[in-house]
Structures are given as C-alpha cells and as structure tokens.
Amino acid sequence: MRSGDGYDADLTEDLTDEATYERVRAEQYAARRMTRRGVLRMSAGAGLGAAAFGAAGTTLAPAPARAGSAPASARAFAAAAAASGIVKPLPPELFIPQGTNAEMRWEAMRGQGYLTPVDRFFVRNHVSTPLIDAGTWRLKLWGTGLHGSPTEDRPVEFSYEDLLGLRAETLTASVECTGNGRSFFTSQQGQTVSGTAWKLGAVGVARWRGVRLSTVLERAGLTRKAVDILPRGLDPDYVDKGENLGRVRRPLPVAKALKDVLLAYEMNGRPLPPDHGAPVRLVVPSWVGIASVKWVGDIQVADEPLFSPWNTRYYRLFGPGYPPEGSAPLTRMNVKSAFELPWDGTLPAGRHVLHGRSWSGNGRVRHTDISVDGGRTWHRARPRDLHAPARGWTRWEYPWRPGGTGRHELLARATDETGATQPATWPENTLGYLFGAVVRHPITIA
Ligand SMILES: Nc1nc2c(c(=O)[nH]1)N[C@H]1C(S)=C(S)[C@@H](COP(=O)(O)O)O[C@H]1N2
Ligand SMILES: [Mo]
C-alpha cells in the first residue's frame, strides 16, 4: 500500500531513504566517538600488507613514446604526460597539468555539445592509471552484509562478460572533484588551503552505460542488515607524505548504492577509457567525485559502518568552525558555474555572446544570473537546455558588448531547484573542498 499523504512516522527510520540514512549514520559516527588518533591507527593498519606498488593483475601505464625530434613545446608536453601517469594525450590547449591530475580548460568546451568529450574530460588520479585486462578482471564482493558472509578470499565474483549480460542502463551525470575551484579560496579570499589548486575544470558530464550497482548487490546476496559498502580501486597504493594508506577506497551507504549508482563500462558510447576507470568504475551521481571509484576490483559489503582515510581524514570539512574530527563525510556536491572562456584571456572589442554552464549536486539548475560590472547588477542568462538531465548541467548564453577596453571581471551565479545559490564568499576549510562562491573571471578587452 502506498503511504500517500498519510506518511507513516515509523517510516522515518526507513534506511532506504537517503536523508534518514545520513542522519542515522551520523548517529553511528557519534556513538563511536572516534578520536583522530584512532582514525590514524585504523588507516595505517588498512595499508599494511598491501603490495607496495600495483594490485595483482594490473600494470602501470607505460610512458608515452619519446618525442624524438618534436619541437620543444611538444617535448615538454610529452614529458608532462609521462610524468603524470595518465595514458591519454594532454594537449596544452585542452588541459592544465596538475601533478598526477589534468584539469580541463573551460575554453575547450566552447562549441562542444552537451557532453564533455573524453579527449578533454579531467583526470583525477591519486597515483597513476593502471592498465587492466578486462578478460581476467573480476569484480569481487564479500563481507558480513551478504548472505553467508563470503570472505575476501572466497568472494562472490562477476566477470566483465557477466556484467555485459545483465540489464544495461544509461545515465547522464557529472563527475566533479570535491576540490574543484579550490584555488579561489586563495585568489579570491586570501586563504591558505592544501590540495590540488584546481580552477573550475575538475568537472565533466558524460553519458555512462553499465549495470546498476543494486542489481549486482542483490545478485551477490545483499542482506537487510547491510549498512555500508566499500568499493576499492585496483590502482597502486596511495602514499601520503611517506605513509602508505593502501588502495583508494571510500565507504558508501547502502541506501545511496541502491538508489542510483552505476557500475559503468561505457563512457559517451565507447568502452570506458583507461584513465576513467577501465574496465569498470562506479558512477555515484551528485556526490563528491571520490565516491565514483575507478578501476573497481572489489566491494566489501558490511553490516556495520565502514571507515577508510577517504571518509575520515579526507573528504570532510576541517578548520575553524568544524569539530576536530571534521564534519560528517561529504556527500553531495554544491552549485557552481563556469564561463567557456580562457582564464585571464583576451577578447576583441565589439559584440560577444558569452557561453557557460551551471550545475549542482542538489538537482537541476533553475537559472543563472550574470554580472559584467563586478556584481553590482545581475541579468538572467538565456538557458540552452530547458530539459537538462537532472544530474548533468545546464548550458546558458549571455550577449555582451563591453563598454571599453581593459580588464573586466565576469561573474556567473546559478540557483538550483532547491533554491541554493552561489554567494559572494565561501566559508574556509583547510582542505579546500566545495568552493561554492561566485567565481570572478578575469578577461581583457583589447
Ligand atoms: N581507484 C580510484 N578511483 C578514483 C580516484 C583514484 O585516484 N583512484 N580518484 C577519485 C577522484 S578524487 C575523482 S574526482 C574522480 C575523478 O574521475 P575522472 O578521473 O574519471 O575524472 O575519480 C575518483 N575515483
Ligand atoms: Mo576528487
């Protein structure tokens, strides 16, 4: 029977509801009263016994061929790609190198369609891209949240072929790094934060195809007692300042896992490329990018809350205004906007149509307002996607005739379907996550 208006109070404890789940889980966290020391001990232990470099059955991406007699710029670009551990080419007109990561240049979206093409989709690698043979790859599920509590040694297994044989689903969704926009804490607010100094290019929208995680969990024997899952990547161990934290793994509540998470094997109509998680990755719509574990090898399913450094020491808010153990683990992304323009570039005088995109982890963007006078006046941009996918972005455009030559700042401020909007400043957190303020985009009219 449907509950309709007469929503039963008892249902507020229904753990398949995301909001309820998050509250109950927060209580579980509180009950554990974990000290920072406890968290550190736990994460160090998790790294022990893991191979120092590379998981079984994987190889690291080979360095691209030497550039030989190519011009110096091409050599530098090849060297940057080799050093990054990323397989795909990173041409400087599409990417800004960021250590082991590569940020998309927003001007590279100008003239593109709705989706971010793979050749310019940002890459965020804790270590480096592994090359995994889909033929021998297995997804292994184990733990106390499955019937019979299969162990890590004797897990329930799915081959790549097994997954291809299950009902496929497609999902258009963004993947965005939690630290996207981090550099603006410093450049706009004068704050010192640690982590990759992304501008706004650590986001992309793709059409993902694969199997619902719920299908696989149910086939593996999910019990009603299951609380958390822990997907783990097959990329090499992550070492932070000399401390081996083991392979990338981030707990996910079962409620979210059952709701809309995909085990994706295709991206924009092609097999998933190595840098984006081949043969299979998670796509966790609307949530912090770290949840979308790439190169997934195994998933622990537990009847108790799970912890890893990626939901204890990272991906929480720390700093003034937050408890010493940090905020609750981060879940949804926030609302943001970007212009499809070079950063601090030059435009000729005369008429322009400014293009950009806005997106939010809370759902669709309702509207985007533009200011070309430093935030004094705002005008509504014209939306180009009236029926945008709920987990993607909305494109917009705005005609602009600059009043004069010289430096200008362009501002875009989106409001999403929950009414959340982008303020002028954003509260600081030491790891520089979730910068959500309006970004002031410099441009020179020549
Ligand atoms: N196994 C594994 N999964 C991972 C990561 C990683 O380093 N290893 N990085 C995460 C982070 S922080 C982000 S933002 C996204 C980035 O996905 P992309 O590289 O396909 O853009 O992947 C997530 N999944
Ligand atoms: Mo990320």
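Description of the structure in this document. (Residues numbered from 1 in each chain as written. Chains lettered and ligands numbered in written order. Predicted model: local features only at pLDDT ≥ 70, side-chain atom pairs only at ≥ 80, totals over all residues. Heavy atoms only, no water.)

Around ligand 1 sit 20 residues in total, of which Phe 122, Asp 235, His 276, Arg 281 and Lys 294 are the nearest. Between ligand 1 and His 126, the relevant distance is 2.7 Å, taken from an oxygen atom to a main-chain nitrogen or oxygen of the residue. Residue His 276 places a side-chain N or O atom 2.7 Å away from an oxygen atom belonging to ligand 1. Notes on ligand 1: free accessible area 530 Å², of which the protein chains cover 100%. Mapping ligand 1 onto the cavity grids shows that it belongs to the largest cavity. Looking at side-chain class alone, the shell around ligand 1 contains ten nonpolar, six polar and four charged residues. (Near = heavy atom within 4 Å. Polar contact = N/O pair within 3.5 Å; in protein donor to acceptor, adjacent residues only side chain to side chain. Areas by Shrake-Rupley, 256 points an atom, 1.4 Å probe, with all protein chains shown as cover. 1 Å grid on protein atoms, 1.4 Å probe; cavity = no way out; pocket = protein on both sides within 12 Å on 5 of 7 lines; lining within 4 Å. Sits in = over half its atoms within 2 Å of the grid points. Nonpolar A, V, L, I, M, F, W, Y, C, P; charged D, E, K, R; others polar.)

Here we come to the sheet that holds strand 22 (residues 382-383). Here we have four strands laid out as an open sheet, ordered 17-19-23-22, and antiparallel in their pairing. Lying at the two open borders of the sheet, with one neighbouring strand each, are strand 17 (336-339) and strand 22. Alignment of strand 17 against strand 19 (residues 352-359), held across four bridges, turns out to be antiparallel. Each bridged residue has a counterpart across the sheet, and for Ala 338 the counterpart in strand 19 is Arg 357. (Pairing = 2+ DSSP bridges. Helix = DSSP H or I, 4+ residues; strand = E, 2+ residues; numbered from the N terminus.)

Across the sheet, five strands lie side by side as 6-5-16-9-12; this open sheet has mixed pairing. Each edge of the open sheet is held by one strand with a lone partner, namely strand 6 (156-159) and strand 12 (252-253). Pairing of strand 9 (residues 228-233) with strand 16 (residues 296-302), which is carried by six bridges, proceeds in the antiparallel orientation. Its bridge partner lying in strand 16, Pro 231 is registered against Ile 299.

Right, let's get into the side chain of Asn 125. Counting through the fold element by element, Asn 125 comes out in the loop between strand 3 (101-104) and strand 4 (130-132). In this view, Asn 125 contacts Gly 85, Ile 86, Thr 100, Asn 101, Asp 275, Lys 294 and Trp 295; residues no more than four positions away in its chain are not counted. (Contact = heavy atoms within 4.5 Å.)

So, about the packing of aromatic side chains. Within the structure shown, the criterion is met by 15 aromatic pairs. Judged by centre distance (6.1 Å) and plane angle (50°), the ring pair of Tyr 238 and Trp 310 falls under tilted. On the criterion of sequence distance, the pair formed by Tyr 238 in the loop between strand 9 and strand 10 (239-240) and Trp 310 in helix 8 (residues 309-312) is long-range, its members being 72 residues apart. Of the two residues examined, Tyr 238 and Trp 310, each falls in the buried class. Residue Tyr 238 is classed as buried on the basis of its relative accessible area of 16%. An aromatic cluster is built from Phe 121, Phe 122, Trp 198 and Trp 208, whose rings are joined through pairwise contacts. (Phe/Tyr/Trp six-rings, centres within 6.5 Å; stacked < 30°, edge-to-face > 60°. Buried < 20%, exposed > 50% of the residue type's maximum accessible area, 1.4 Å probe, protein only.)

Among the nonpolar cores identified, the biggest contains 33 residues, and Leu 139, Leu 141, Val 216, Ile 229, Leu 252 and Val 301 are the most heavily contacted of them. Mapped by element, the contributors of at least two residues to this core are strand 5 (138-142), helix 4 (160-164), helix 6 (213-219), helix 7 (254-260), strand 13 (262-267) and strand 16. Once residues within four sequence positions are removed from consideration, Val 301 is found in contact with Leu 141, Trp 142, Gly 143, Thr 144, Gly 145, Leu 146, Leu 217, Leu 222, Ala 226, Asp 228 and Ile 229. The next biggest cluster of nonpolar side chains, apart from the first, holds 17 residues, and it includes Met 109, Ala 388, Trp 393 and Phe 435. (Core = buried A, V, L, I, M, F, W, Y, C linked by side-chain atoms within 4.5 Å.)

Glancing now at the pattern of salt bridges. Where charged atoms of side chains with opposite charge meet at close range, the side chains can pair. Scanning the model with the defined rule gives 21 salt bridges in all. Put simply, Glu 157 and Arg 138 hold a salt bridge, and the shortest N to O gap is 3.9 Å. You can see Glu 157 sitting in strand 6 and its partner Arg 138 sitting in strand 5, a full 19 residues away along the chain. The salt bridge involving Arg 395 is made with Asp 385; its shortest N-O contact spans 2.8 Å. Separated by ten residues along the polypeptide, Arg 395 in strand 23 (residues 393-400) and Asp 385 in the loop between strand 22 and strand 23 bring together distant segments of the chain. In terms of burial, Arg 395 and Asp 385 fall into one category: buried. Three or more residues are tied together by salt bridges with common partners; here these are Asp 240, Lys 241, Glu 243 and Arg 313. (Salt bridge = Lys/Arg side-chain N within 4 Å of Asp/Glu carboxyl O.)

Mapped onto the elements of the fold, Pro 389 is located in the loop between strand 22 and strand 23. Each residue touching Pro 389, except ones within four places of it in the same chain, is listed here: Tyr 114, Thr 172 and Arg 364.

Of all eight residues in strand 23, seven are buried, a share of seventy percent or more. Two strands pair when backbone bridges link them, and strand 22 and strand 23 are joined in this way by two bridges, in the antiparallel orientation. In the sheet register, Arg 382 faces strand 23, and the bridge partner there is Glu 397.

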